[in-house]
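In case you want the letters, here they are:
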Amino acid sequence: MKPYYIFSGSSHPFFATEVATHLNTSLGNIRFEPFPDNELSLQILDNVRGRDVFVVQTIAREPNNYLMELLIIIDALKRASAKSIVAVIPYFGYARQDRKDNPRTPITAKLVANLLTTAGADRIVTMDLHAGQIQGFFDIPVDHLFARPILCKAIEKLQLKNLVVLAPDLGAIKKARHYANHLHADFALIDKRRIDTERVEVYAIIGNIEGKDVLLVDDMCSTGGTILTAAIACKERGAKRIFAAFTHGLLVGNAMERLIKSPIEKIFTSNTVPLPEELKNDKIEEVTVAPLFSEAIRCILSADSVSSLFN
């Protein structure tokens, strides 16, 4: 019998398989049998009694469905007497509503934290949360991984000279500074105003980008509006070449089409969110972060420090 098990939800089985492969193991068996009305139903086919269990599920593409599926898997494992249940969530969905910035609005990040804990999760492993304080919404341990070191390795292969890392909005300042320090580059930021959920207006670029290579960084790209507006503003202000890097490539709607036509030469993203075949393009380079999640699992199993992965 296995000393521990890794199970995959249906949101990103390729990623889960890659994680298991790096740990020299195979995925546990789950039988998914939805009811005729599409109500979710499943069965854990392995005996997990007294075993440490890891469930890999990214909450993207169909977040409502995949979140509910994750909760049901955790509940099934809890009722099967698993020793511990770790939810491995490469992309933590519903994280953008992490505070009440308008009257009568939910705090969905806290709600999801409560749901996961109530379902029976003992620990969370995730990557590049939209807001770091979401870790404090949990009353169980949270291991927060970062894609930056792996994405930077891919970016360094371009051997960019005279590089400036640009934060496309105020929320990305801290992330952009970390990228700048890692790449030994200059730092700049954009002052903008959001017009609606898709459009933003640039007021000014703070920092010198004229004649320089610019790297736009953010934690996620959904509609592409923020990155696209920033890229156009950089081009208008004399940037030599423009690149972009973000951890979670949601790329909904016509985001990829817009980015392909944009001044951005190359886009780097991780594989925390599955990239459909129709969205794959020579302009985008998908970098795997599965080995980092595998090492985090290894550290949890051996009671080593997960933070040592960043030293």
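One numbering rule holds for all chains: residues counted from 1, following each sequence as written. With the structure being a predicted model, the display of local features is reserved for residues of pLDDT at least 70 and the display and counting of side-chain atom pairs for 80 or more, all residues being used for whole-chain, interface and lining totals. Note that water and hydrogens are dropped before the side-chain values are worked out from all heavy atoms of the structure.

K.L.:
So what's going on with helix H4 (residues 148–156)? Which residues, and what values?
P.N.:
The rule is simple: take the accessible area with a 1.4 Å probe, protein chains only, and divide by the maximum for that residue type; under 20% is buried, over 50% is exposed, in between is partly exposed. Here a strand is any run of E in DSSP of at least two residues, a helix any run of H or I of at least four, and the numbering for each starts at the N terminus. Taken together, the buried positions of H4 are occupied by Leu151, Cys152, Ala154 and Ile155. End-on view of H4: buried residues confined to an arc of 160°, all on one side of the axis. It only takes one pair of heavy atoms within 4.5 Å for two residues to be counted as in contact. Of the surrounding elements, those touching the buried residues of H4 are helix H5 (173–183), strand E11 (213–221), strand E12 (241–249), strand E13 (264–270) and strand E14 (284–287). In this description, the arc belongs to the directions extending from the helix axis to the C-beta atoms.

K.L.:
Residue-level account of the sheet that holds strand E6 (residues 123–127), with values.
P.N.:
We call two strands paired when DSSP finds no fewer than two bridges between them. Within the open sheet, the five strands sit side by side as E1-E4-E5-E6-E7. Their pairing is parallel. Of all the strands in the sheet, the pair left with one neighbour each is strand E1 (4–8) and strand E7 (142–145). In this sheet, adjacent strand axes meet at a mean angle of 15° when their direction is disregarded. Note that E1 and strand E4 (residues 52–56) share five bridges and pair parallel. Residue Tyr5 lies in a different strand from E4, and its bridge partner there is Val53. Axes, fitted as lines to C-alpha atoms, cover a helix only where it is in contact. Angles between the N-to-C directions of the axes lie from 0 to 180 degrees. Helix H2 (residues 63–79) rests against E1, E4 and strand E5 (84–89) of the sheet, and its axis sits at about 165° to E5.

K.L.:
Describe helix H3 (residues 108–119), and please don't skip the residues or the numbers.
P.N.:
Multiplying 1.5 Å by the helix residue count minus one yields the expected span of that helix. Over its twelve residues, H3 runs 16 Å from end to end, which matches the ideal 16 Å to within 8%, given 1.5 Å per residue. Buried within H3 we find Thr108, Ala109, Val112, Ala113, Leu116 and Ala119. Buried residues in H3, looked at end-on, bunch into an arc of 145°, giving them a common side. Next to the buried residues of H3 lie H2, E5 and E6.

K.L.:
Explain the nonpolar core to me, using residue names and the numbers behind them.
P.N.:
In this text, buried Ala, Val, Leu, Ile, Met, Phe, Trp, Tyr and Cys residues form a nonpolar core when linked through side-chain atoms within 4.5 Å. Judged by nonpolar contacts, the single largest core of 45 residues is most densely connected at Val165, Tyr179, Leu183, Leu215 and Phe293. Looking at this core element by element, the count peaks at seven residues for helix H8 (residues 290–301). When neighbours within four sequence positions are excluded, Tyr179 is seen to be in contact with Arg148, Leu151, Cys152, Ile155, Val165, Leu215 and Val217. Judged by nonpolar contacts, the second largest core, of 35 residues, contains Leu71, Leu77, Ile124 and Val142.

K.L.:
Go over the pairing of strand E8 (residues 163–167), please, and point to the residues and values.
P.N.:
Most of E8 is tucked away, with five of its five residues classed as buried. The two faces of E8 match: Leu163, Val165 and Ala167 on one face and Val164 and Leu166 on the other face are all buried.

K.L.:
Can you break down the pattern of salt bridges residue by residue, with the values?
P.N.:
Two side chains of opposite charge can pair, provided their charged atoms sit close to one another. The working definition used for a salt bridge is a side-chain nitrogen of Lys or Arg within 4 Å of a carboxyl oxygen of Asp or Glu. Under the criterion given, the structure shown has eleven salt bridges. Of the charged contacts, one joins Lys175 and Asp128 as a salt bridge, the two residues approaching to 3.6 Å between their closest N and O atoms. Here Asp128 lies in the loop between E6 and E7 and Lys175 lies in helix H5, a separation of 47 residues in the sequence. Summarising the burial analysis for this pair, Lys175 and Asp128 share the class buried. Here Lys212 ties to Asp186 by a salt bridge, and the two come within 3.4 Å at their closest N and O atoms. Of this pair, Lys212 sits in the loop between strand E10 (200–206) and E11 while Asp186 is found in strand E9 (residues 186–194), placing the two residues 26 residues apart along the sequence. Assessed through its relative accessible area of 12%, Lys212 is described here as buried. We classify Asp186 as partly exposed; its relative accessible area is 41%.

K.L.:
Go over the side chain of Thr269 with me, naming the residues and quoting the values.
P.N.:
Checked against the element boundaries, Thr269 lands in strand E13. For Thr269, a relative accessible area of 2% gives the class buried. We call two N or O atoms a polar contact when they sit within 3.5 Å, provided that within protein one can donate a hydrogen and the other can accept it, with sequence-adjacent residues counted only if both atoms are side-chain atoms. Polar contacts involving the side chain of Thr269 include one to the main-chain carbonyl oxygen of Thr247, which spans 3.4 Å. Aside from chain neighbours lying at most four places away, what touches Thr269 is Leu151, Phe246, Thr247, His248, Gly249, Ile284, Glu285, Glu286 and Val287.

K.L.:
A description of the environment of Leu275 should follow, citing residues and the corresponding values.
P.N.:
Within the fold, Leu275 resides in the loop between E13 and E14. The class for Leu275 is buried, based on a relative accessible area of 12%. Measuring from C-alpha to C-alpha, the distance between Leu275 and Leu251 comes to 8.5 Å, with 24 residues separating the pair along the chain.

K.L.:
Pulling in residues and values, what's your account of the environment of Asp37?
P.N.:
With respect to the element layout, Asp37 can be found in the loop between strand E2 (30–32) and strand E3 (42–44). Once the C-alpha coordinates of Asp37 and Arg237 are considered, the two residues, 200 residues apart in sequence, prove to be 54 Å apart. Reaching out from Asp37, the side chain makes a polar contact with the backbone nitrogen of Glu39 at a distance of 3.2 Å.

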